[in-house]
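# A look at the structure
Here's the letter readout for the chains.
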Amino acid sequence: MNKEKIINAGKIASQVREYIKPQIKKGTPLLEIAEKIENKIKELGAEPAFPTNLSINEIAAHYTPTHDDKTLASGLLKIDFGVHIDGWIADTAFSIDLENNELNKKLIQASEKALENATKIIKENSSTSEIGKAIQKTFESYEASPIVNLSGHSMQQRELHAGITIPNIDDKKNILLEKGLYAIEPFATFGNGKVKDGKPSGIYILTDDKNVRSPIAREVLKLVIDKYKTLPFCSRWIVKKFTTKALFGLRQLEENNNLHQFPQLVETSGSNVSQSEHTVLIDDEKVVTTQ
Ligand SMILES: [Co+2]
């Protein structure tokens, strides 16, 4: 692990969060918010670790604006973004209520408090289920439920989900955490507490670098292999580089199984979802890198 790069990525993520927060109002185009976040990350000397997720209400995750997106910020908005320096990732998220709605506010308090409690207890050798239990208990005190099929995750260089799951419930698996880099991300709802796949998100990840026929698909594939490698990217970034003609290339790459496209994740009962997230480095000491 490169501790210096991990810490710096975390610092940049918190700077970007404080920069964007006051600029998000009801009616702000999501496209503008995403571009501002991603441009600021680059201005501060890092790269986005994945496309900015701006998910509204019952969409829990994986909404990123398309190149021509017209959606305006509203409702319970989750802002989830990542920063990387040489593949070392900081992953952070926060939620905003743009409706002055008491239930939305309560959900946001619940996920913030759950995150606070989880980051307090996480350490080397803590059990993943204990962390999940702390999150679940916090939610119960707000009469909210966790999204049981979304969870925190370990991270490695250029690997956003590196194998270990940090659940938002007591899943009884009791995996003991080693030194490493972890994202904790409680999602709260008053609904069913489960997400299902929704529409395609325009967020992709490379799954196979095998050859593809069409020239534009080849060009896109080369960029993905060289630039994004094993990290997620989106159609908006590809269109920016190659114009809209690249959308055909993306479709081909998906059909040829070079790329996996993530679906949006939607709460099954259509209820609003809040999310809070920090990245924690567990080394000789513990550092919440994105705080
Ligand atoms: Co995450």
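Residues numbered from 1 in each chain as written. Predicted model: local features only at pLDDT ≥ 70, side-chain atom pairs only at ≥ 80, totals over all residues. Heavy atoms only, no water.

Here strand β4 (residues 88-97) lies mainly inside the structure; 10 of its 10 residues are buried. Relative to β4, strand β3 (residues 76-85) runs antiparallel, the two sharing 10 bridges. Looking across to β4, one finds that H84 is bridged to I89. In sequence, β3 turns back onto β4 through a hairpin of two residues, with D86 there showing a positive phi of about 55 degrees. (Buried < 20%, exposed > 50% of the residue type's maximum accessible area, 1.4 Å probe, protein only. Helix = DSSP H or I, 4+ residues; strand = E, 2+ residues; numbered from the N terminus. Pairing = 2+ DSSP bridges.)

Glancing now at the packing of helix α1 (residues 3-20) against helix α2 (residues 30-43). At a closest axis distance of 10 Å, the pairing of α1 and α2 adopts a crossing angle of 140 degrees. Taken as a pair, α1 and α2 cross one another with a handedness that is right-handed. Every residue of α2 that contacts α1 at I12, V16, Y19 and I20 is listed here: I33, K36, I37, K40 and I41. For the contact of α1 with α2, a count of residues per class yields seven nonpolar, no polar and two charged. (Axes fitted to C-alpha atoms, helices over the stretch in contact; angles between N-to-C directions. Left-handed = near helix turned anticlockwise from the far one by under 90°. Contact = heavy atoms within 4.5 Å. Nonpolar A, V, L, I, M, F, W, Y, C, P; charged D, E, K, R; others polar.)

Surrounding the cobalt ion are the protein donor atoms D91 (OD), H153 (NE2), E185 (OE) and E277 (OE), which sit 2.0 to 2.4 Å from the metal. Around the cobalt ion, the four donor atoms are arranged such that angles at the metal cover 78 to 173 degrees; this shape is classified as irregular. Donor residues binding the cobalt ion come from one chain and are separated in sequence as D-x61-H-x31-E-x91-E. Taken together, the residues span a long stretch of sequence, with H153 in strand β6 (residues 152-155) and E277 in the loop between β13 (273-275) and β14 (278-282) at a distance of 124 residues. Judged by relative accessible area, which is 2%, H153 ranks as buried. (Donors = N, O, S within 2.8 Å, 3.2 Å for Na, K, Ca; no water. Tetrahedral: all angles 85-135°; square planar, octahedral: opposite > 155°, others 65-115°.)

Read from one edge of the open sheet, three strands run β5-β9-β13, paired in antiparallel fashion. The two strands at the open ends of the sheet, each matched to only one other strand, are β5 (145-146) and β13. Pairing geometry for β5 and strand β9 (residues 187-189), over two bridges, is antiparallel. If you follow P146 over to β9, its bridge partner there is A188. Packed on one face of the sheet, helix α3 (residues 102-121) meets β9 and β13 and runs near 35 degrees to β13.

To continue, consider helix α5 (residues 215-228). Along its 14 residues, α5 runs 19 Å from first to last C-alpha, staying within 8% of the 20 Å computed at 1.5 Å per residue. Looking at the packing, one finds that the buried side of α5 touches β10 (195-206), β11 (233-234), α6 (235-242) and α7 (246-255). Immediately downstream of α5, the backbone of K229 shows phi near 55 degrees, a positive value. (Expected span 1.5 Å × (residues − 1).)

Computed from the structure, the largest pocket encloses a volume of approximately 570 Å³. Contributing to the lining of the largest pocket are 34 residues, with H62, L160, H161, E185 and F262 lying nearest its centre. For the lining of the largest pocket, the secondary structure elements donating two or more residues are β1 (47-56), β6, β10 and β12 (259-267). With four residues, the single largest contributor to the lining of the largest pocket is β10. Here the lining of the largest pocket is built from residues that sort into 16 nonpolar, 11 polar and seven charged. (1 Å grid on protein atoms, 1.4 Å probe; cavity = no way out; pocket = protein on both sides within 12 Å on 5 of 7 lines; lining within 4 Å. Points joined across faces, edges and corners; volume = space filled by probe spheres on them.)

Time to look at the sheet that holds β14. The strand order across the open sheet built from five strands is β7-β6-β8-β14-β15, with neighbouring strands paired in antiparallel fashion. Strands with a single pairing partner mark the edges of an open sheet, and in this sheet they are β7 (165-166) and β15 (286-288). Pairing of β6 with β7, which is carried by two bridges, proceeds in the antiparallel orientation. Residue G152 lies in a different strand from β7, and its bridge partner there is I166. Packed onto the sheet, α1 meets β8 (180-184), β14 and β15 and runs at close to 160 degrees relative to β14. Of the strands in this sheet, β8, β14 and β15 touch α3, which is tilted by about 160 degrees from β15.

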